Amino acid sequence: MRISRTLAALTVACAVLLTTGTTATAGTTTTSGTTATAGSTTAGARAAATGEPYCGITWGSGDKVAGTLSDAPLIEVRTGRHDCYDRVVFEFDGTVTGYSIGYGETYTEGEGLALSPYTAGGALLRVSLRAPAYDDEHLATVPYRVGDHVANVLRYQTLRDVVFGGSFEGYSTFAVGVRARLPFRVLVLAGPGTHSRIVLDVAHQWQQ
């Protein structure tokens, strides 16, 4: 009878020891594994969310404004495709440095008609050039009328449309339709010859 009671007590004691050891070990392993996994997942998500700038581009999408009013007329508008961005070039017969370019509604010069219903693209860049599109005798220096689509942007990755908004009191306006609100930059370049150019580049995307 005593032997039976002793054996039963030993059996219970062993069971308690085995259970306690297993629970402690499992708890330690589970806690450590869960922490490591959560940390790795968070870090991975953070890296995916931030990414690297596309082509190293850090232009941003805020308004760009510079320069002063000029009487050198606009004579040509053309576009180009590049590896990291699409380009719109405004060329003038003389020195021009003034512009105001940013995302938002574009209105025709002197009339105030919104151009968004007539411009393709998911986002609209309003381009105001501080120079006329006519000469001293008020004769047009570009072959566009208000509302004309002035460029063929078929197969462009970012550009969707370029629409002439008119020229009034020394300012010329364009609505540039793009795929989405993307980073852009504006350059003022001299040449060719005595001409000058205002160049608008819009990136293909934000991140790699």
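Refer to the structure presented above.
What comes next is a walk through the structure. (Residues numbered from 1 in each chain as written. Predicted model: local features only at pLDDT ≥ 70, side-chain atom pairs only at ≥ 80, totals over all residues. Heavy atoms only, no water.)

For the rest of this paragraph, the subject is unusual backbone geometry. Along the chain, G191 connects to P192 via a cis peptide bond; the corresponding omega equals 0 degrees. Take P192: it is sitting in the loop between β8 (184-190) and β9 (196-203). Phi at R155 is positive, roughly 70 degrees, even though this residue is not glycine. Within the element layout of this structure, R155 appears in the loop between β5 (123-129) and β6 (159-168). (Helix = DSSP H or I, 4+ residues; strand = E, 2+ residues; numbered from the N terminus.)

The strand order β2-β3-β9-β8 describes an open sheet built from four strands, whose pairing is antiparallel. This sheet does not close on itself; its edge strands, each paired only once, are β2 (74-81) and β8. The mean angle between the axes of side-by-side strands here comes to 15 degrees, regardless of whether they run parallel or antiparallel. (Pairing = 2+ DSSP bridges. Axes fitted to C-alpha atoms, helices over the stretch in contact; angles between N-to-C directions.)

Further remarks concern the pattern of salt bridges. Counted according to the given criterion, the structure contains five salt bridges. We note a salt bridge from D63 to R126, for which the minimum N-O separation is 2.9 Å. Of this pair, D63 sits in the loop between α1 (2-50) and β1 (64-66) while R126 sits in strand β5, and the two are 63 residues apart along the sequence. D63 gets classed as partly exposed once you look at its relative accessible area, which sits at 49%. (Salt bridge = Lys/Arg side-chain N within 4 Å of Asp/Glu carboxyl O. Buried < 20%, exposed > 50% of the residue type's maximum accessible area, 1.4 Å probe, protein only.)

With that out of the way, let us pick up the nonpolar core. Ranked by internal contacts, the top residues of the largest apolar core, which has 33 residues, are F90, L125, F174, V176 and L200. Counting residues per element, the ones that place at least two in this core are β2, β3 (85-92), β4 (99-103), β5, β6, β7 (171-178), β8 and β9. A per-element tally of this core places β5 first, with four residues. Setting aside its immediate chain neighbours within four residues, V176 contacts V88, A123, L124, L125, V127, L159, D161, V162 and L200. Listed in part, the five residues of the second largest apolar core include Y54, I57, C84 and Y85. (Core = buried A, V, L, I, M, F, W, Y, C linked by side-chain atoms within 4.5 Å. Contact = heavy atoms within 4.5 Å.)

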